[in-house]
Amino acid sequence: MKSGRALALLAAAAAALLWAIPFVWMLLAAFRPNVTGSEDLASLVPTGPFGLANFAEAWTSGHFPLWYLNTILLCAGILAVQCVTVSLAGYAFARLRFPLRETVFTLFLLQILLPPVVLVVPNLTMITQLGLYDSLLGIAAPYCASAFGVFLMRQTFRAIPRDFEDAALTDGATRLQTIRHVLLPLARPGLVAFAIVSVTSHWNEFLWPLMATSSPQRQVLTVGLASFTSGAESGGEWGVIAAGTALVAAPLVVAFVLFQRRFVSSLVFTGLK
Amino acid sequence: MSLKRLFAAGALTVSLGFAHAAQAATDIDFFFPVPVQGKLSNEMQRIVEQFNTAHPEIHVTAVYTGTYDDTNLKTRAGVQAGHPPALTLMSANFIREYAINNDAIPLDDIIVKHGMKPADFLGLFWPALRDNATENGHVYGAPFQNSTPILYYNEAAFKEVGLDPDHPPATWQEWVDAAKKLTKRDGNNVTRYGVEMVTTYDTLGWLVSGYTMSNGGQYFNTAYGGEVYYNDPTTIGAVQFLDDLVHKHKVMPEGVTDANAVANAFFTGRAAMIVNSTGALSFVRDNMKQPFRVAFIPRAMRNAVPIGGASLIIPRGNSPERQEAAWTLIQYLISPEIAGGWSRFTGYFAPRVAAYDLPAMRDFLAKNPDAKVAIDQIAFARPWFATFNTVAVRKALEDQVQAVLSGRIHAPEAMANAQKAADQILRPYVERTALDMPE
Amino acid sequence: MSLAHATAAPAIPMRLRTRHATPVAATAALLLAPSLFFLFAFTYWPIVNVAIRALTEQRFGEPTPHWGSGNFARLFDDPHFAVAACNSAVYALGTILPAIALALAFALALRESSRLASLLRTVVVLPLLIPLVAAASLFVFIFLPGGGLLDHYLAYLGYGATNWLGDPSLALGAIIAITVWKNTGYYMLFFLAGLAGIPEEYHEAARIDGARGLTRFRRITLPLLGPTLAFVGVIALLNALTQIDHVVTMTQGGPSDSTNMLLYYIYQQAEQNSDPGLASAATVLSVGVLLALSAVSLRALEHGLHYES
């Protein structure tokens, strides 16, 4: 039995090594100036002078501060609105019995299978008609109702004993007050999990932000990186590309490594990207 | 009219003039693509800053918008959303489409307003460029940067196999012979290809149009955007030539190779000759460690190359003030000094003929003979392929040629397919124009 | 109202009405309103909208649009669409099956809590956290013919340069490889949790009964992983249809349409060819496919989202 386990672990380690290769190359190429056009561009064995020249050039030829700002604003904005919409709706499904409840819930669930990117053609028309084309608000709008967030909050609320809110309601609190002061603090683990998944998924969105914006001032990290690499790629400034990619990938990776357990349990708990 | 009245009128005019100048600066945005970000993009920003300083009544925000295709998409999106850029540096072969769809304004009126005839305006530029800048007799674009494909070749590799670097291949036959000598094999693997060229979307169509024209053909109807000549012997012959390079002479890799791969191959000595735009010349110069030179694209029946590059257009939907400001910027950018400077910096050739009379340019050409090749080739340059729905019609050919390069189909069948697909795309336009009969 | 009251366990088990005695349905409507607004604005109304647009035709030069099924006719006539649909199917199978198999294998091998296992799990999950376009920019280099990472190391084994992204018969495989690399770690997380949910006693009992590893896996583990498998399958399918960032930036549907897919086709018609009729028709079809899947997968979703509780 033991040898079987050890063998499995060894095989997994070998496979994991393969999985790590793109990241390893990215770091190596990013930290080696003048690597473009050199013989050992593809080498995974670190040699030669290391330096930050590629990062400097990536930083100056791209617009990373702008892209970071836009991405942070976008993700924070979406999350803020989502917290409100999913908490309210989640409560309604968890605690209230009203006609057509199951039907409406199914309508919500269906949205999980229709991410905004599939409906990009009509959604573009919609945000243009609302005057939101080429704005961060326009990118954020289709995400503000999150079906799986609603589902998650429903589960979370259901798991909280009714006693707490019943007591509050007896005391004369309105439902809104109950939700805000009693339930949300108790539901924090679920909300945190949702927040992690929401930010991760919107941080990495590409196609919808690409189509919903056109001016470079509205670019988020993903769109900025794509234009950055397409420009530098026509000759292949690989060191700079690697550095730029590292700058885009770094925030979430670092956050993950630091808060690993939280991330993992959130991703699993909520069940969607 | 009494003297008093004259004086009053004069004073009024002068004061109005002052009032105008005292208004807030006109804010305009300028979309521009460049093939390599970083160096070129920064240089454009610098030029625009210079303009802003020299023209305080206008404030230009220069916006790098990616590739030619991306810039096209972004400009069109801006026009349709109602806030177009004031000026765009648009790929020269998209201008016809903008004219057809009325997404850009003809420049005739503004040219005349500033004291010139449209024909004279066009006369400022090399003849080969004029066709892509006009549609239906109206001027739509002011050429700013132009290129042709050229042949880059590795001098050391030439000497190694006994070829004379001073006499690069001038005909297709010489090209094949040279490529065969330059291709190195190690058993079954090729360690160095004789020739590589960029065969991804956009560049492939550009190159094939050149080979077709060199093979005696016209490729597309330069006077009318509804006809292409894919299924003609001249085009089939050009595609057959490429097919042979890959499958018969085996001097070119199979499949589609993009700009990355081609540049990388040239820099690392895995390709002895490459076909790429002159716009990449300064980039190659910076990164190629071995000695290299450039030459005309070899000819079949005649020397012929397509022009590439971009012209300045003013999209529809801008106010008269913005149009005026944009025109001032155009004048600045196409001045011999600026056009010449940009050319020296990038490797594009300057579309403005007068730029080559300036001493700075003459000195530069004396010191950098490789830059002169593109200019000498202008004598053989022909218009860039432009039709109704250019991108789709172009892709109709490119998809087929890519299949040929990958060994899936032969040239005659491929071109028949391409023609059929292209005709279908052009059909709506043709039915409204050439086939639209009077009642 | 004090929180002290709220945290004490009350004696009254019945539901109480609020002092406002508002009808429940009205309260529910109010609470659901924000979500419903966005849901209708950006999911359900767009579906109606795109269906209408798909049935509207306006050719070049025509002054007014009119009803008709011409867009659908053109769609089914378009060889690019047929290729895109075919590629999507191949891509879906090519990404779902290997990713799930690998994810399960990783989960089985790495479910212990040692430091090594934890480290390896992190490595495999990392690709999930970077945007697909970032992965694309790295893989452009990896797949570079001749000088790229893959060819560089394959050369040591005697292989020549291969044009991974430029050969129509290989390009789709390359795209599939990137997706599998990116998503395997994510699916592994679900399998890890699913496996953790299987009580040890089952395995013990089977072991005592003499069942060997493989049999135990087939008879106990796999069936108990059923809900997780179904759930991951649905997620993988959704990803296969919606994740095309790498196609947009690396191959643009080529070479020769070999990486063209449903969503990319829609993007092309909308953005590049300015053909909203065709793009809408293709969208309607894609939505139809996804909604058909929903009938099957809603069950799996509810199960899978449940399994932790």
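Some points on the interface of chain C and chain A
Part 1: The partner chain A presents 106 residues to the 105 residues of chain C that form the contact.
Part 2: Roughly 9,300 Å² is buried in total at the junction of chain C and chain A, and carbon and sulfur atoms are behind 77% of that figure.
Part 3: Joining chain C to chain A, the criterion identifies zero salt bridges.
Part 4: Applying the counting rule to chain C against chain A returns six residue pairs in polar contact (both at pLDDT 80 or more).
Part 5: Looking at the side of chain C that touches chain A, the element that brings in the most residues is helix 2 (residues 24–54) of chain C, giving 21 residues.
Part 6: Here the residues of the side of chain C that touches chain A are counted per class, giving 73 nonpolar, 24 polar and eight charged.

So, the packing of helix 4 (residues 101–112) of chain A against helix 7 (residues 147–159) of chain A
All names here are of chain A.
Part 1: Running from N to C, helix 4 and helix 7 cross one another at 125 degrees; their axes reach a closest spacing of 7 Å. Compared by their axis directions, helix 4 and helix 7 come out oblique. Every residue of helix 7 that contacts helix 4 at F105, F108, L109, Q111 and I112 is listed here: A147, F148, V150, F151 and R154.
Part 2: Residues belonging to the contact of helix 4 with helix 7 are distributed by class as follows: eight nonpolar, one polar and one charged.

Observations concerning the sheet that holds strand 2 (residues 58–64) of chain B
Residues and elements named next belong to chain B.
Part 1: Pairing is mixed in the open sheet, where five strands are placed in the order 2-1-3-13-6. In this open sheet, the two edge strands, each paired with only one partner strand, are strand 2 and strand 6 (142–147). Strand-to-strand twist of the sheet, defined as the mean angle between neighbouring strand axes without regard to direction, takes the value 20 degrees.

Comments concerning the interface of chain B and chain C
Part 1: Between chain B and chain C, the contact holds 28 residues from the first and 31 residues from the second.
Part 2: Taken together, both faces of the contact between chain B and chain C bury some 2,300 Å²; the carbon and sulfur share is 49%.
Part 3: If you look at where chain B meets chain C, you find zero salt bridges.
Part 4: Inspection of the region where chain B meets chain C yields seven residue pairs in polar contact (both at pLDDT 80 or more).
Part 5: Of all the secondary-structure elements, those providing two or more residues to the side of chain B that touches chain C are helix 3 (68–81), helix 12 (259–267), helix 18 (390–405) and helix 19 (411–432) of chain B.
Part 6: At five residues, helix 18 of chain B tops the list of elements feeding residues into the side of chain B that touches chain C.
Part 7: Of the residues in the side of chain B that touches chain C, the class split is 10 nonpolar, 10 polar and eight charged.

Comments concerning the environment of C:P65
All names here are of chain C.
Part 1: Mapping P65 onto the fold places it in the loop between strand 1 (56–57) and strand 2 (66–67).
Part 2: For P65, a relative accessible area of 44% gives the class partly exposed.
Part 3: As a C-alpha pair, P65 and V296 span 231 residues in sequence and 38 Å in three-dimensional space.
Part 4: Here P65 is in contact with T56, E57 and Q58, once residues within four sequence places are set aside.

Re the layout of surface pockets
Part 1: Counted as a void, the second largest pocket has a volume near 1,100 Å³.
Part 2: Lining the second largest pocket are 33 residues; nearest its centre among them are A:R5, C:L108, C:A109, C:R111 and C:L195.
Part 3: Breaking the lining of the second largest pocket down by element, the ones donating at least two residues are helix 1 (2–30) and helix 14 (260–270) of chain A together with helix 4 (79–109), helix 5 (115–129), helix 8 (168–196), helix 9 (200–208) and helix 10 (213–224) of chain C.
Part 4: Among the residues making up the lining of the second largest pocket, the classes are represented as 17 nonpolar, eight polar and eight charged.

Looking at the packing of helix 2 (residues 39–54) of chain B against helix 15 (residues 336–346) of chain B
All names here are of chain B.
Part 1: For the pair helix 2 and helix 15, interaxial distance at closest approach is 11 Å and the crossing angle is 165 degrees. The angle between the axes of helix 2 and helix 15 places the two elements in the roughly antiparallel class. The way helix 2 lies across helix 15 gives a crossing that is right-handed. Taking contact as the criterion, the partners of K39, L40, E43, M44, I47 and Q50 in helix 2 are, on helix 15, I338, W342, F345 and T346.
Part 2: Looking at the contact of helix 2 with helix 15, its residues break down into six nonpolar, two polar and two charged.

What to know about the confidence of the model for chain B
Part 1: Overall, the prediction assigns chain B a mean pLDDT of 88, with 94% of residues at 70 or greater.
Part 2: Counting contacts from residues 6–22 of chain B, a segment whose pLDDT is below 50, to residues more than four positions away or on other chains yields one contact.

Some details on the sheet that holds strand 10 (residues 271–277) of chain B
Residues and elements named next belong to chain B.
Part 1: Spatially, five strands are ordered 8-9-10-7-11 in an open sheet, and the strand pairing comes out mixed. Each of the sheet's edge strands pairs with one partner strand only, and the pair in question is strand 8 (184–186) and strand 11 (292–295). Each adjacent strand pair in this sheet contributes to an overall mean axis angle of 25 degrees, direction not counted.
Part 2: Note: strand 7 (residues 149–154) against strand 11, four bridges, orientation antiparallel. Directly across from L151, in strand 11, lies its bridge partner A295.
Part 3: Helix 10 (residues 203–214) contacts strand 7, strand 9 (189–197) and strand 10 of the sheet and is inclined by roughly 95 degrees relative to strand 10.
Part 4: On top of the sheet, helix 12 reaches strand 7, strand 9, strand 10 and strand 11; it is set at about 140 degrees to strand 10, its chief contact.

Brief notes about a nonpolar patch on the surface
All names here are of chain C.
Part 1: A surface patch of nonpolar side chains, about 510 Å² in accessible area, is lined by W45, V48, I52, L55 and W67.
Part 2: With three residues, helix 2 is the largest single contributor of residues to the nonpolar patch.
Part 3: With respect to the element layout, W67 can be found in strand 2.
Part 4: Classification of W67 by relative accessible area gives exposed; the value is 63%.

With respect to the pattern of salt bridges
A side chain with one charge may pair with a side chain of the opposite charge, provided their charged atoms come close.
All names here are of chain B.
Part 1: Enumeration according to the criterion identifies 17 salt bridges over all chains in this entry.
Part 2: One salt bridge in this structure joins K159 and E155, with 3.8 Å as the shortest N-O distance. Here K159 pairs with E155, and both are found in helix 8 (residues 155–160), just four residues apart, close to one helical turn.
Part 3: According to the relative accessible area criterion, E155 is buried, its value standing at 16%.
Part 4: Residues D376 and K372 are paired through a salt bridge, measuring 3.1 Å at the closest nitrogen-oxygen approach. Of the two residues, D376 and K372 are both situated in helix 17 (residues 369–377); the distance of four residues between them amounts to about one turn of the helix.
Part 5: On the basis of relative accessible area, D376 is assigned to the partly exposed category, the value being 36%.
Part 6: Taken together, the shared-partner salt bridges in this structure form one network comprising E155, K159, D166 and R293.

Topic: the nonpolar core
Part 1: Counting 192 residues, the largest nonpolar core has A:W208, C:L110, C:Y187, C:M188, C:F191 and C:M250 as the members making the most contacts within it.
Part 2: It is helix 8 of chain C that provides the largest number of residues to this core, a total of 15 residues.
Part 3: Contacts of C:L110, omitting those with residues within four sequence positions, involve A:L9, A:A12, C:A117, C:L120, C:R121, C:M188 and C:L192.
Part 4: Counting residues in hydrophobic clusters, the runner-up holds 119 residues, among them B:L129, B:Y224, B:L312 and B:W384.

A few points about the state of the cysteines
Residue and element names in this part refer to chain A.
Part 1: For the coordinates displayed, the defined rule picks out zero disulfides over all chains.
Part 2: Not part of a disulfide, C75 finds its nearest cysteine sulfur in C144, a span of 12 Å.
Part 3: With a relative accessible area of 3%, C75 lands in the buried category.

Notes on the pairing of strand 7 of chain B
Residues and elements named next belong to chain B.
Part 1: Of all the six residues making up strand 7, six are buried; the element is thus mostly covered by neighbouring parts of the structure.
Part 2: The two faces of strand 7 match: P149, L151 and Y153 on one face and I150, Y152 and N154 on the other face are all buried.
Part 3: Where strand 7 meets strand 10, five bridges bridge the pair, whose relative direction is antiparallel. For Y153, the partnering residue across the bridge sits in strand 10 and is M273.

A word on helix 9 (residues 175–186) of chain A
All names here are of chain A.
Part 1: Taking 1.5 Å per residue, 12 residues should reach 16 Å; helix 9 reaches 15 Å between its end C-alpha atoms and fits that length.
Part 2: Looking at helix 9, one finds that the buried residues are R175, T178, I179, V182 and L183. For helix 9, the angular spread of buried residues about the axis comes to 130 degrees, placing them on one side. In this structure, helix 9 carries L176 and R180 as exposed residues pointing more than 90 degrees from its buried face.

Each value, and the rule that gives it
Residues numbered from 1 in each chain as written. Chains lettered and ligands numbered in written order. Predicted model: local features only at pLDDT ≥ 70, side-chain atom pairs only at ≥ 80, totals over all residues. Heavy atoms only, no water. Contact = heavy atoms within 4.5 Å. Buried area = accessible area lost by both parts, 1.4 Å probe. Salt bridge = Lys/Arg side-chain N within 4 Å of Asp/Glu carboxyl O. Polar contact = N/O pair within 3.5 Å; in protein donor to acceptor, adjacent residues only side chain to side chain. Helix = DSSP H or I, 4+ residues; strand = E, 2+ residues; numbered from the N terminus. Nonpolar A, V, L, I, M, F, W, Y, C, P; charged D, E, K, R; others polar. Axes fitted to C-alpha atoms, helices over the stretch in contact; angles between N-to-C directions. Parallel < 35°, antiparallel > 145°, perpendicular 65-115°, else oblique. Pairing = 2+ DSSP bridges. Buried < 20%, exposed > 50% of the residue type's maximum accessible area, 1.4 Å probe, protein only. 1 Å grid on protein atoms, 1.4 Å probe; cavity = no way out; pocket = protein on both sides within 12 Å on 5 of 7 lines; lining within 4 Å. Points joined across faces, edges and corners; volume = space filled by probe spheres on them. Left-handed = near helix turned anticlockwise from the far one by under 90°. pLDDT = per-residue confidence, 0-100. Patch = residues over 30% accessible without salt bridge, like charges linked within 9 Å, V, L, I, M, F, W, Y side chains within 5 Å. Areas by Shrake-Rupley, 256 points an atom, 1.4 Å probe, with all protein chains shown as cover. Core = buried A, V, L, I, M, F, W, Y, C linked by side-chain atoms within 4.5 Å. Disulfide = S-S within 2.5 Å. Expected span 1.5 Å × (residues − 1). Arc of directions from axis to C-beta.

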